[in-house]
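Below are the chains, spelled out letter by letter.
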Amino acid sequence: MANRARWVMKYEKGLVDILLENNNSHYRTPTGWRMEGWRKIVTDFNMRYPEAKFSKMQIQEHETQLKKDYKFIKLILQRDGVSWDQSASMIRGTDEIWDEIIEDMPKARKYQNKSFTLLDSLEQLFDGPIAEGGQNSPQNIVGNVDEGGNNMSTAPDMSVRPSGTINANFDETWNSISLLPQTALGPQGIENLDTLQNHTEDALGLQQHGADRRPQRADEQPQSSSCVEPQRDRRKKRKVTDIQQRKVTDIQQIMETYLNFRMKQARVKEQKVKEADQFTISSCIKAMNTMSDVSDEIKILASDVFKDAENREIFLSYEPRLRTLWLKREVSKQLTSAY
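Residues numbered from 1 in each chain as written. Predicted model: local features only at pLDDT ≥ 70, side-chain atom pairs only at ≥ 80, totals over all residues. Heavy atoms only, no water.

Student: Could you give an account of unusual backbone geometry, with specific residues and numbers?
Tutor: We note that K53 has phi near 55°; this positive angle belongs to a residue other than glycine. Its location among the elements puts K53 in the loop between α2 (35–48) and α3 (56–77). You can call K53 exposed: its relative accessible area is 70%. (Helix = DSSP H or I, 4+ residues; strand = E, 2+ residues; numbered from the N terminus. Buried < 20%, exposed > 50% of the residue type's maximum accessible area, 1.4 Å probe, protein only.)

Student: If you had to explain the nonpolar core to someone new, which residues and values would you point to?
Tutor: L15, I41, F45, I59, I76, I101 and L122 are the most contacted members of the largest nonpolar core, which has 36 residues in total. For this core, the secondary structure elements donating two or more residues are α1 (9–21), α2, α3, α4 (95–104) and α5 (119–126). Per-element tally for this core: the top contributor is α3, with six residues. Filtering out sequence-adjacent residues up to four positions away, L15 remains in contact with W7, I41, F45, I59, H62, E63 and L66. Core analysis: the second largest hydrophobic core is formed by 15 residues, A287, M288, V294 and L316 among them. (Core = buried A, V, L, I, M, F, W, Y, C linked by side-chain atoms within 4.5 Å. Contact = heavy atoms within 4.5 Å.)

Student: A description of the packing of aromatic side chains should follow, citing residues and the corresponding values.
Tutor: Scanning the model with the defined rule gives 14 aromatic pairs in all. Between W7 and F45, the ring centres sit 5.5 Å apart and the planes meet at 45°, which makes this aromatic pair tilted. Residue W7 is located in the segment before α1, and its partner F45 is located in helix α2; the two are separated by 38 residues in the primary sequence. F45 shares its class with W7; the two are buried. An aromatic cluster is built from W7, Y11, F45, Y49 and F54, whose rings are joined through pairwise contacts. Directly above the aromatic system of W33 lies the positively charged group of R28, at a separation of 5.0 Å from the ring centroid. The positively charged end of R323 is found above the aromatic ring belonging to F315, 5.4 Å away from the centroid. (Phe/Tyr/Trp six-rings, centres within 6.5 Å; stacked < 30°, edge-to-face > 60°. Lys NZ or Arg CZ within 6 Å of the ring centre and 35° of its normal.)

Student: An account of the side chain of K299 is requested, with residue identities and associated values reported.
Tutor: Examined against the element boundaries, K299 turns out to sit in helix α10 (residues 296–305). Notably, K299 is buried but unbridged: the nearest opposite-charge side chain belongs to D296, and the N-O separation is 4.5 Å. What K299 contacts, discounting residues up to four positions off in sequence, is M288, N289, M291 and V294. (Lys, Arg positive; Asp, Glu negative; His and termini not counted. Salt bridge = Lys/Arg side-chain N within 4 Å of Asp/Glu carboxyl O.)

Student: If you had to explain the pattern of salt bridges to someone new, which residues and values would you point to?
Tutor: One pass over the full model with this rule turns up 12 salt bridges. In this structure, the salt-bridge partner of E319 is R321, at a minimum N-O distance of 3.1 Å. Here the salt bridges share partners, and the residues they tie into one network are R329, E330 and K333.

Student: Requested: an account of the packing of α1 against α2, with residues and values cited.
Tutor: Axis separation between α1 and α2 bottoms out at 10 Å; the angle between their running directions is 140°. One finds that α1 runs oblique with respect to α2. Note that α1 runs across α2; the crossing there is right-handed. The segment α1 lies against α2, with Y11, G14, L15, D17, I18, L19 and E21 engaging I41, D44, F45 and R48. Tallied by class, residues from the contact of α1 with α2 come to six nonpolar, one polar and four charged. (Axes fitted to C-alpha atoms, helices over the stretch in contact; angles between N-to-C directions. Parallel < 35°, antiparallel > 145°, perpendicular 65-115°, else oblique. Left-handed = near helix turned anticlockwise from the far one by under 90°. Nonpolar A, V, L, I, M, F, W, Y, C, P; charged D, E, K, R; others polar.)

Student: If you had to explain a negative patch on the surface to someone new, which residues and values would you point to?
Tutor: A surface patch of like charges, here negative, comprises D95, E96, D99, E100 and E103. Inspection of the secondary structure puts E103 in helix α4. Since its relative accessible area comes to 66%, E103 is described here as exposed. (Patch = residues over 30% accessible without salt bridge, like charges linked within 9 Å, V, L, I, M, F, W, Y side chains within 5 Å. Areas by Shrake-Rupley, 256 points an atom, 1.4 Å probe, with all protein chains shown as cover. Charge placed at Lys NZ, Arg CZ, Asp CG, Glu CD.)

Student: Explain the packing of helix α9 (residues 281–289) against helix α11 (residues 309–317) to me, and be specific about the residues and the numbers.
Tutor: Following both chains from N to C, one finds α9 and α11 inclined at 35°, their axes separated by 10 Å at the closest point. Here α9 runs over α11; the crossing is left-handed. Where α9 abuts α11, its residues I281, S283, C284, A287 and M288 lie against R312, F315 and L316. For the contact of α9 with α11, the per-class residue count stands at six nonpolar, one polar and one charged.

Without other data, these values stay purely geometric and don't point to any function.
Now the structure itself:
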């Protein structure tokens, strides 16, 4: 998108309010917002702020940026000698402590003297519970995408599995993830991202709920809530839960990286399409027909010059008085090379 969204505080606070209003299991899962949730969020936002005219992608990207800001601030607050000034909504620390923080995390510099009034609301949104919804929830979610500086020249490596113990559901999960490269953007461009995001939710859903799929044996008696579980079993369950959570986190990181790559690729493709529409052969011929100082013979021969995309862009970028000189030179070069 050529124009960046201008997120003033009114829009930021409004977006966070709308996210909190829709923060229930009907619109959101532990792994991200559902497609229906994003549609509701975008509709609510544009109804509340019609003058903003933000697209779905712009709103998604800013939600991701708010999440990154929140996590970074929480990370800084874990450092020794750092405190949170509730009245000023700022991080407080001595210059020496800030120097150490910035040396370890250069991106922390922008938070040194910056007020962040949304911290409490974002804590409730990103670290708080998701309210239970009262409707049957669809199974399509949109994975979060961010504006990080991922390398556009190479797609993220999807062949390497996350490390850690592999349970019975992991192969099934990874097979779902392996479908993602097959959903690369087609001729429709950005619209195909919904398909990509659906595969993301399917893969994450398998891993998130993998621990709940063991059927109860016929001879197994349901456990009484009054029974005290042995300490060894409790430790074993905690260990399994921790392993599963780490694997879910690994998969989420891979999904976010891959989706971010595809979003960037979509924007580059969209820009190329716009440029191609601007510098067409018909546009060049139309401009050339207004040039009275160009002979009909040169106009006919110029059609070969305009077959090259770079020539079309150069021709239309020149001032009208310079186009004649450039066109005659290019036609002359073609005639010379022909002989």
